[in-house]
Amino acid sequence: MKMELIQPLINAADAVLAQGLNLPISVGSISMEEETYRRKGLAALVWLTGDIEGRVIFDVDPQTAVKIASRMANAEMPESDMLVRETLCELANQVIGNAITTLNDQGFHFRVHPPVLHTAEQGTGSSEDTEAIVFCFDTEMGSIFMNMALRYTMKTAEKKGQAAKAGK
Amino acid sequence: MEQFAPVRRSKDGQPVRYLVVDDSVFARKNLTRILEQFGGLLAGEAGDGVAAIAEYERVRPDIVLMDITMPRMEGIEAAEKIVQQFPEARIVMVSSVGYQENIVAALQRGARHFVQKPVKPEVLYEVIKYVLGEDGAVAAAAAAGAQP
């Protein structure tokens, strides 16, 4: 996965989380996911299709999810509250939307699909062209994991190849 | 929390009535909380474009806040259909996807303005005053001691 895809997502996550939580955020760790994705707690999944396709998953442990939702709603919420899951989905939606805004201005065109809760214990594994990168954002409420597996579609790869050959 | 002078309807001094459209319950609640800070009144809610059209006909709000990416019917299409039927409708698109083509498409199809998520209350406040124009008035007594 190229840095030109990753950087807008990191910037958007940093900005959206910092504003939404009104807390300092730091990138704690970055790792490549070689194993099949395994859900850590509550997970929101967003699919992208178009010039770039794949998925981004936001994953937090249940206690962190409750703290985040309670802070954003300005009210204490029980773990079972539907709003806890809704909050995570909306955070994912905002991060992806902001990142897409940047990527679109760079010439990538694609569609973001509404976030859905990822309820399976595990997902598909990585492959050579859909390698997953996991960023861990640390907050005083706990860690928020962003797991990205994106790839250029064939058409985009061809366009980029032609541009490179032409020396653009 | 920042204080906002209440925005009222100039014709009768009543609170501005809003229709909030978003497929996320959290986003709707968050927007409603912000609108209450402006002295607004939630007239109705909808979770997709189809429901938004029906709800607009039912409650005839002063302003609609409309998300773009939604199931069944997306926000831009719903905005177009509402404006075709009610040309006076004031629709503000509220979306995290804020690239130029999206904004232009929304404005061309009848939306009056665009606000990017995450919503900053001070930005939305200014947009609402702008969109209401002469049909909105900032309550003078509260405005004297309030910011912005």
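These remarks concern the structure in this document.

**Observations concerning the overall build of chain A**
Broken down by element type, chain A carries four helices and seven strands. Within chain A, buried positions represent 38% of all 168 residues. Within chain A, contacts between residues separated by at least 24 positions form 68% of all contacts whose residues are at least 6 apart in sequence.

**Re the interface of chain B and chain A**
On the chain A side, the residues contacting the 16 residues of chain B number 19 residues. Of all the elements, helix H1 (residues 25–37) of chain B adds the most residues to the side of chain B that touches chain A, at four residues. Looking at the side of chain B that touches chain A residue by residue, the class counts come to eight nonpolar, five polar and three charged.

**Considerations on the environment of B:Val25**
Tracing the sequence through the fold places B:Val25 in helix H1. Separated by 82 residues in sequence, B:Val25 and B:Leu107 have C-alpha atoms that sit 25 Å apart. Setting aside residues up to four positions removed in sequence, B:Val25 forms contacts with A:Leu83 and A:Glu86.

**Brief notes about the sheet that holds strand E4 (residues 63–66) of chain B**
Residue and element names in this part refer to chain B. With parallel pairing, the five strands of this open sheet are ordered in space as E3-E2-E4-E5-E6. The sheet is open, and its two borders are formed by strand E3 (41–46) and strand E6 (113–116), each paired with just one other strand. Between one strand axis and the next, the sheet turns by 20° as a mean value, whatever way the strands run. Bridge count between strand E5 (residues 91–95) and E6: four bridges; the pairing is parallel. Looking at E6, one finds that Val92 is bridged to His113. Contacts from helix H3 (residues 75–85) reach strand E2 (17–21), E4 and E5, with the element oriented near 175° to E5.

**A look at the pairing of strand E6 (residues 132–139) of chain A**
All names here are of chain A. Relative to E6, strand E1 (residues 26–33) runs antiparallel, the two sharing seven bridges. Among the inter-strand pairings, Glu33 is bridged to a residue of E6, identified as Ala132. Inspection of the sheet shows E6 paired to strand E7 (residues 142–152) by eight bridges, in the antiparallel sense. Counterpart to Ala132 in the pairing with E7 is Ala149. The turn joining E6 and E7, which pair antiparallel and follow one another in sequence, is formed by two residues.

**Here's the deal with the environment of A:Leu117**
Residues and elements named next belong to chain A. If you trace the backbone, Leu117 turns up in strand E5 (residues 116–117). Each C-alpha atom of the pair Leu117 and Thr139 lies 22 Å from the other, and the pair is 22 residues apart in sequence. Here Leu117 is in contact with Ala44, Arg85 and Cys89, once residues within four sequence places are set aside.

**What about the environment of B:Gly136?**
Residue and element names in this part refer to chain B. Here Gly136 shows up in strand E7 (residues 136–138). Of the residues examined, Gly136 has 19 C-beta atoms within 10 Å and is grouped as partly exposed. Linking Gly136 and Arg9, residues 127 residues apart in sequence, is a C-alpha distance of 4.7 Å. Beyond its immediate chain neighbours, meaning those up to four positions away, Gly136 contacts Val7, Arg9, Ser10, Val16 and Lys129.

**Re the packing of helix H3 (residues 82–105) of chain A against H1(B)**
Across the interface, H3(A) lies against H1(B) with an axial gap of 7 Å and an inter-helix angle of 90°. One finds that H3(A) runs roughly perpendicular with respect to H1(B). Every residue of H1(B) that contacts H3(A) at A:Leu83, A:Glu86, A:Thr87 and A:Glu90 is listed here: B:Val25, B:Phe26 and B:Ala27. The class makeup of the residues in the contact of H3(A) with H1(B) is four nonpolar, one polar and two charged.

**As for the pairing of strand E2 (residues 42–50) of chain A**
Residue and element names in this part refer to chain A. Pairing between E2 and strand E3 (residues 52–60): seven bridges, direction antiparallel. Across the sheet, Ala43 pairs through a bridge with Asp59, a residue of E3. Linking two consecutive strands that pair antiparallel, namely E2 and E3, is a turn of one residue. Direction of pairing for E2 relative to E5: antiparallel, over a ladder of two bridges. The partner of Leu45 across the bridge, within E5, is Val116. Of the pairings in the sheet, the one linking E2 to strand E4 (residues 110–112) comprises three bridges and is antiparallel in character. The residue of E4 that forms the bridge with Gly50 is Phe110.

About the thresholds
Residues numbered from 1 in each chain as written. Chains lettered and ligands numbered in written order. Predicted model: local features only at pLDDT ≥ 70, side-chain atom pairs only at ≥ 80, totals over all residues. Helix = DSSP H or I, 4+ residues; strand = E, 2+ residues; numbered from the N terminus. Buried ≥ 20, exposed ≤ 12 C-beta atoms within 10 Å, placed from the backbone. Contact = placed C-beta atoms within 7 Å. Nonpolar A, V, L, I, M, F, W, Y, C, P; charged D, E, K, R; others polar. Pairing = 2+ DSSP bridges. Axes fitted to C-alpha atoms, helices over the stretch in contact; angles between N-to-C directions. Parallel < 35°, antiparallel > 145°, perpendicular 65-115°, else oblique.

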